[in-house]
Amino acid sequence: MAEKIAVLLSGRGSNFLAIARNIQSGIVTGCAIDVVLSNKSDAPGLIAARDMGIATAVFRQKDYADKGACEQAMVTLLRERGVQWIVLAGYMRILGADFIDAFAGRILNIHPSLLPAFIGLDAQKQALDYGVKVAGCTVHFVTNELDGGPILLQKVVPVLDDDDEASLCARILEQEHIAYSEALELVVHGKVYVDGRRVRRR
Ligand code: GAR
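Summary of the structure given here.

Turning to the nonpolar core, a few remarks are in order. Grouped burial of nonpolar side chains is what soluble globular proteins tend to show. Grouped together as the largest cluster of nonpolar side chains are 42 residues, with contacts concentrated most on Val7, Phe16, Ile33, Val36, Leu152, Leu184 and Val187. With 9 residues, helix α6 (residues 165-188) is the largest single contributor of residues to this core. Not counting the four nearest positions on each side in its chain, Val187 is found in contact with Trp85, Leu108, Phe141, Leu152 and Val192. Core analysis: the second largest hydrophobic core is formed by 20 residues, Phe59, Leu88, Ile100 and Val142 among them.

Here is the structure:
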């Protein structure tokens, strides 16, 4: 049976859409997007999911007593739906320890840099400002350390002399759309395991 994925997003949702497309076309197998969650009711990615007939839910911290209560409600919904994998795709909130523990080893994130370089916000701008000659993206397991979990895979792109933030973001994004699907295919089929900081092939 297909493993159930929940996608958490806050904005555009191009990574979500790439994954959805790759599942539909059979590039990614053995899983299905069960639900899309967002902290923003007007996130374009959330609206796209709804238009595609995928279940959606909005969890805004301000509707709950605090961040913990909000994330507990998310966990409850995800458990009720039997979700097995959590895919963070431009989810611009830092998840608390209770949420991460509830899905330990089953939360993935994509970050637009070659980690451990340039964690946090505006990773592509950080790369340009630093002057690196290669950049890229990283798909990693989520732990309590920000952008610090074991790395599933990375894709490298060149940084060109005339790059600005927009051109570098676009070049990296193209690779993100490939990388996330490759990573999903690996975890859903149990082709990798975590050994300390290393993610190894079985
Ligand atoms: C992507 O570039 C993703 O790597 C980044 O947000 C963008 C979301 O785009 N995530 C982070 O910076 C997380 N720290 P999308 O909404 O089009 O998928």
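A few words on the packing of helix α1 (residues 14-24) against α6. At a closest axis distance of 9 Å, the pairing of α1 and α6 adopts a crossing angle of 50°. Between α1 and α6, the angle is such that the two are oblique. Crossing hand, α1 versus α6: right-handed. Of the residues in α6, those touching α1 at Ser14, Asn15, Ala18, Ile19 and Asn22 are Leu173, Glu176, His177, Tyr180, Ser181 and Leu184. Residue composition of the contact of α1 with α6, grouped by class: 5 nonpolar, 5 polar and 1 charged.

Calculation criteria
- Residues numbered from 1 in each chain as written.
- Predicted model: local features only at pLDDT ≥ 70, side-chain atom pairs only at ≥ 80, totals over all residues.
- Heavy atoms only, no water.
- Core = buried A, V, L, I, M, F, W, Y, C linked by side-chain atoms within 4.5 Å.
- Buried < 20%, exposed > 50% of the residue type's maximum accessible area, 1.4 Å probe, protein only.
- Helix = DSSP H or I, 4+ residues; strand = E, 2+ residues; numbered from the N terminus.
- Contact = heavy atoms within 4.5 Å.
- Axes fitted to C-alpha atoms, helices over the stretch in contact; angles between N-to-C directions.
- Parallel < 35°, antiparallel > 145°, perpendicular 65-115°, else oblique.
- Left-handed = near helix turned anticlockwise from the far one by under 90°.
- Nonpolar A, V, L, I, M, F, W, Y, C, P; charged D, E, K, R; others polar.

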